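Spelled out from the first residue to the last, the chains are:
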Amino acid sequence: MTARISPSAAIDAAAISSQRVAAKGRIEIERRGGRSRLARLFQEGAAKIRLPDTGADPLEAVLINMAGGLTGGDRIAWEVSAGTDARAVITTQACEKVYRALAGHAEVDVRLGVGEGGFLGWLPQETIVFDRAAFSRRLDVELASRAEALLVEATIFGRSAMGERARFGTFRDRWRVRQGGRLVHAEDLAVGPEIEATLARPASAGGRIAFATLLLVSQRGEQMLEPARKIIGDDGGASYWTVGQTGKLLARLYAEDGYTLRKRLMPLVALLNGQAGLPRLWSL
């Protein structure tokens, strides 16, 4: 027996599909005339990229999702390339919001590349996950053998200050980082479908709804370890080790809400990002 779909349901499904976000943004940075400068820029759909005039190195780029958030069926892809000796910091205009999904899941695909002697700071503002959201993110990074990168992703499940809780949903975060063609860091995080119950477990977040992961791929990470641990305190941790010739510092933070998380996240990012400090759009 074949199930029949009502005409109204079919129309609603088609309308939802036709309204979904399909966006791409790509930026290439090169070293020229003693400074890191824009080489190429591509924007499609709701993905926009702006370059504030900071008057300094590294080059700073701001990613904007003009759709104002993501929901089931939305797709957005970002690609950033920093050439030989180029230095760049990439951030977002605001927190990315992932809303309840009626069908499918929202996808974010990030691809980063850094040439010899270059540095890239991937420093988006937090992702806020609402109740019954469905979200999947992929972060793929290719570093030359003498390149450095600072990668940061922070997530908040619900907005407690507004009485919003993320009880159910799915959240997937996949990282793959390679240096000189060799895999040096890999992780897969999955939360859901019972988000609130999972975060309440002592072995996961102990009821805290906000967390951040920071990865510094650089030999200088070793000297940053103790200062980082002082900033992190008891709600999180940091370690440094080497994979072949690659040094990496991995830190995680947990907090009961987004504001408390950001109070420690901001000084930690400023520390690990060196002279570049915080992007101008970051604030409490």
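Residues numbered from 1 in each chain as written. Predicted model: local features only at pLDDT ≥ 70, side-chain atom pairs only at ≥ 80, totals over all residues. Heavy atoms only, no water.

Chemist: Got a sec to walk through the packing of aromatic side chains? Specific residues and values, please.
Modeler: What the rule picks out here adds up to 4 aromatic pairs. An angle of 75° between the planes, with centres 5.4 Å apart, marks the rings of Phe157 and Phe171 as edge-to-face. Placement of the pair is Phe157 in strand E12 (residues 148-157) and Phe171 in strand E13 (residues 169-179), with a sequence separation of 14 residues. Since its relative accessible area comes to 0%, Phe171 is described here as buried. Three or more aromatic residues joined by ring pairs make a cluster, and in this case those are Phe135, Phe157, Phe171 and Phe211. (Phe/Tyr/Trp six-rings, centres within 6.5 Å; stacked < 30°, edge-to-face > 60°. Helix = DSSP H or I, 4+ residues; strand = E, 2+ residues; numbered from the N terminus. Buried < 20%, exposed > 50% of the residue type's maximum accessible area, 1.4 Å probe, protein only.)

Chemist: Please set out the pairing of strand E16 (residues 236-243) residue by residue, giving values where relevant.
Modeler: As paired elements, E16 and strand E17 (residues 246-255) share 8 bridges and run antiparallel to each other. In the strand pairing of E17, Val243 is matched with Thr246. The turn linking E16 back onto E17 is made up of 2 residues, and Gly244 within it adopts a positive phi angle of 65°. (Pairing = 2+ DSSP bridges.)

Chemist: Tell me about the pattern of salt bridges, and please be specific about residues and values.
Modeler: Evaluated as defined, the whole model comprises 20 salt bridges. Two residues, Arg31 and Asp57, come together in a salt bridge whose shortest N-O distance is 2.4 Å. Here Arg31 is found in strand E1 (residues 22-32), whereas its partner Asp57 is found in the loop between strand E3 (47-50) and strand E4 (59-65), with 26 residues between them in sequence. What makes Arg31 partly exposed here is its relative accessible area of 35%. Between Arg111 and Asp109 there is a salt bridge, with its nearest N and O atoms 3.5 Å apart. (Salt bridge = Lys/Arg side-chain N within 4 Å of Asp/Glu carboxyl O.)

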